[in-house]
Amino acid sequence: MTMKTAYPSFLVVGAGFFGSTIAERLATTCNVKVSVVERRNHIGGNCYSEYDSDTGIEYHAYGTHIFHTSNTKVWEYISQFTDFNSYFHQVLTTYKDKVYQMPINLETINSFYNLNLKPFEVDDYLSSEIAKDNITNPTNFEEKAISLIGRPLYEAFIKGYTIKQWQKHPQDLPASILKRLPFRKNYNESYFHDKWQGVPEQGYTAIFEKMLENPKIHLLLNTDFFDIRDKIAEESIIIYSGPIDRFFDYKFGKLEWRTLKFEKEAINVEDYQGTSVMNYAEANIPFTRIHEPRHLHPERDYTKDKTLIIREYSEMDDGTEPYYPINDSKNQALLMKYHHETKKYPNVFFSGRLGEYKYLDMHQTIANALELFETKLRPLIENKR
Ligand SMILES: Cc1cc2nc3c(=O)[nH]c(=O)nc-3n(C[C@H](O)[C@H](O)[C@H](O)COP(=O)(O)OP(=O)(O)OC[C@H]3O[C@@H](n4cnc5c(N)ncnc54)[C@H](O)[C@@H]3O)c2cc1C
């Protein structure tokens, strides 16, 4: 008989999609114990959903989340925990009291210019608009955008929204942050191109409850990893989905983020805007979007007496809540320094959107977690068996 070696103990920091996928896989497929610490008072990370007490409408507390993927492995994995409804995402934008399709498509162009262009006529028309500014070597965001779609469309749909998003004039933003502008020469109004999309029928929080229900998973809410760090055994394997700079006590400086502020309001009409997300393109309207979460669940029988709307404001993060990383050279250089430091911690896996300092969709987050589990964590356990 061979002696069995004790498995390493596993600690997951963060109960978002990254941490919950890792915990679920370790407990369900490897039958090992795993502790999950979450500093918030709820599971689900930024995908957390809850019911508004006033209207009874479920909303996504950190911004509207639509699940979409073409990754079969991720789709099969997530489908173990939920069914999805038939919600189909489209985005509209209001400019000068008129509503247009976003991203810019043939309907946007024809409606904006009051034309009836055919798809094969769009290139010529826009080329003549672009030529008016004669920008051959764009030096900033504004010039780059004009060189892609022409000044009128830029000024209507991109300029004001960008000022609100970044609190900077597009002339003061680098051309490099604008690789391309999503743009369609047809009437396709689907926001995503993926094989599967929808909203979980029972909401996002219900997914996390199922993922974390295995008795092998020990969940500690309201627990900040840094408050318990000195109690953790040195040989523990830590899957850390918190902010990478915080792990190193910000020794090289803080990575910058943009944050969002949300303002909820119950309105006494059944339907306020006819869609789940309406952008507001003009700079003088302080919010960037209005969410109306009842539209995420057309299958539900919500109250007809009132609806819930949520105005979204974009700001630079003052340390409250990181939402979007700033992909500029200064922050990338800082990130490289922290990456270098991670090599001193072979037992810690830095992951998820905060651990990688990277915008990741939910399906990418889950795919990365499944990959880490299969390639690094499962072998650690199987090698001991
Ligand atoms: C506004 C917005 C809208 C989005 N919409 C979509 C969408 O429509 N579709 C889509 O696919 N994706 C969307 N995303 C992306 C989605 O939110 C992410 O893919 C997902 O949240 C990433 O999961 P995560 O586990 O990496 O991070 P998180 O969900 O942020 O989870 C990390 C968890 O770690 C916890 N934590 C951090 N530090 C500590 C600590 N020291 N101790 C204990 N716990 C800690 C945090 O509290 C958090 O709960 C959106 C993102 C944003 C910002």
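Residues numbered from 1 in each chain as written. Predicted model: local features only at pLDDT ≥ 70, side-chain atom pairs only at ≥ 80, totals over all residues. Heavy atoms only, no water.

Draft legend 1. The arrangement of the site of the ligand in detail. The immediate surroundings of the ligand are formed by 35 residues, with Glu38, His65, Ile66, Arg353 and Leu360 found nearest. One nitrogen or oxygen atom from the side chain of His65 is found 2.7 Å from an oxygen atom belonging to the ligand. Here the ligand has 1,000 Å² of accessible area as a free molecule, and 97% of this is covered by the chains. For the shell around the ligand, the elements supplying multiple residues, two or more each, are α1 (17-30), α8 (225-228), α11 (352-356) and α12 (362-382). Its residues placed into classes, the shell around the ligand shows 16 nonpolar, twelve polar and seven charged. (Near = heavy atom within 4 Å. Polar contact = N/O pair within 3.5 Å; in protein donor to acceptor, adjacent residues only side chain to side chain. Areas by Shrake-Rupley, 256 points an atom, 1.4 Å probe, with all protein chains shown as cover. Helix = DSSP H or I, 4+ residues; strand = E, 2+ residues; numbered from the N terminus. Nonpolar A, V, L, I, M, F, W, Y, C, P; charged D, E, K, R; others polar.)

Draft legend 2. Spotlight on the packing of α1 against α12. Two elements in contact, α1 and α12, have axes separated by 9 Å at closest approach and are oriented at 40°. The orientation of α1 with respect to α12, classified from their angle, is oblique. Both α1 and α12 take part in a crossing whose hand is right-handed. Judged by residue contacts, Phe17, Phe18, Thr21, Ile22, Arg25, Leu26, Thr29 and Cys30 of α1 engage Met362, Thr365, Ile366, Asn368, Ala369, Leu370, Leu372, Phe373, Leu377, Arg378 and Ile381 from α12. Looking at the contact of α1 with α12 residue by residue, the class counts come to 13 nonpolar, four polar and two charged. (Axes fitted to C-alpha atoms, helices over the stretch in contact; angles between N-to-C directions. Parallel < 35°, antiparallel > 145°, perpendicular 65-115°, else oblique. Left-handed = near helix turned anticlockwise from the far one by under 90°. Contact = heavy atoms within 4.5 Å.)

Draft legend 3. Layout of the environment of Glu263. Residue placement: Glu263 occurs in strand β11 (residues 257-267). The partly exposed category is assigned to Glu263, whose relative accessible area is 35%. A sequence separation of 27 residues divides Glu263 from Ile290, and the C-alpha atoms of the two residues are 9.4 Å apart. When sequence neighbours within four positions are dropped, the list of residues in contact with Glu263 reads Ile309, Ile310, Arg311 and Tyr313. Separated by 3.3 Å, the side chains of Glu263 and Tyr313 make a polar contact. (Buried < 20%, exposed > 50% of the residue type's maximum accessible area, 1.4 Å probe, protein only.)

Draft legend 4. A look at the sheet that holds strand β10 (residues 237-240). Taken in spatial order, the five strands line up as β9-β2-β1-β10-β16 in an open sheet, and their pairing is parallel. Where the open sheet ends on each side, the last strands, each with one partner, are β9 (217-220) and β16 (348-350). Neighbour-to-neighbour, the strand axes of this sheet turn through a mean angle of 15°, independent of strand direction. Inspection of the sheet shows strand β1 (residues 10-13) paired to strand β2 (residues 34-37) by four bridges, in the parallel sense. Counted as the bridge partner of Val13 is Val37 from β2. Across the sheet, α12 lies against β1, β10 and β16, angled at about 165° from β10, the strand it touches most. (Pairing = 2+ DSSP bridges.)

Draft legend 5. Spatial organisation of helix α3 (residues 106-113). A large share of α3 lies buried, amounting to six of its eight residues. All buried positions along α3 are accounted for by Leu106, Thr108, Ile109, Asn110, Ser111 and Tyr113. Tucked into the core, α3 has its buried residues touching β7 (98-102), α4 (119-131) and α6 (151-166). Structurally, the start of α3 carries an N-cap: the backbone nitrogen of Glu107 is 2.9 Å from a side-chain oxygen of Asn105. Positive backbone phi, at 55°, marks Asn114, one or two positions downstream of α3.

Draft legend 6. Expanded view of unusual backbone geometry. Note that the residue after Met102, namely Pro103, is joined by a cis bond; omega there is -10°. Its location among the elements puts Pro103 in the loop between β7 and α3. Although it is not a glycine, Asn31 sits at a positive phi angle of roughly 60°. Among the secondary structure elements, Asn31 is positioned in the loop between α1 and β2. Backbone geometry at Asn134 places phi at a positive 50°, although glycine is not the residue there.

Draft legend 7. A look at the domain arrangement of the protein chain. Domain annotation of the protein chain identifies domain 1 (10-43 + 212-252 + 326-382) and domain 2 (107-177). Measuring from the centre of the C-alpha atoms in domain 1 to the corresponding centre in domain 2 gives 40 Å. (Domains from an automatic or database assignment.)

Draft legend 8. Fine view of α6. Given a rise of 1.5 Å per residue, 16 residues ought to cover 22 Å, yet the end C-alpha atoms of α6 are separated by just 20 Å, more than 12% below that figure. At Ile158, α6 shows its maximal kink, close to 40°. Among all positions in α6, only Leu153, Tyr154, Ala156, Phe157, Ile158, Gly160, Tyr161, Thr162, Lys164 and Trp166 are buried. Remark: Gln167 follows α6 within two positions and exhibits a positive phi of approximately 55°. (Expected span 1.5 Å × (residues − 1). Bend = angle between axes of the 7 residues up to and from the residue.)

Draft legend 9. Highlighting the sheet that holds strand β6 (residues 91-95). Across the sheet, seven strands lie side by side as β7-β6-β12-β13-β14-β11-β15; this open sheet has mixed pairing. The sheet is open, and its two borders are formed by β7 and β15 (324-325), each paired with just one other strand. In the sheet, β11 pairs with strand β14 (residues 307-316) via ten bridges, with the strands oriented antiparallel. Bridge pairing in β14 places Lys261 opposite Tyr313. Each of β6 and β7 is contacted by α3, which is oriented at about 150° to β7, the strand it contacts most.

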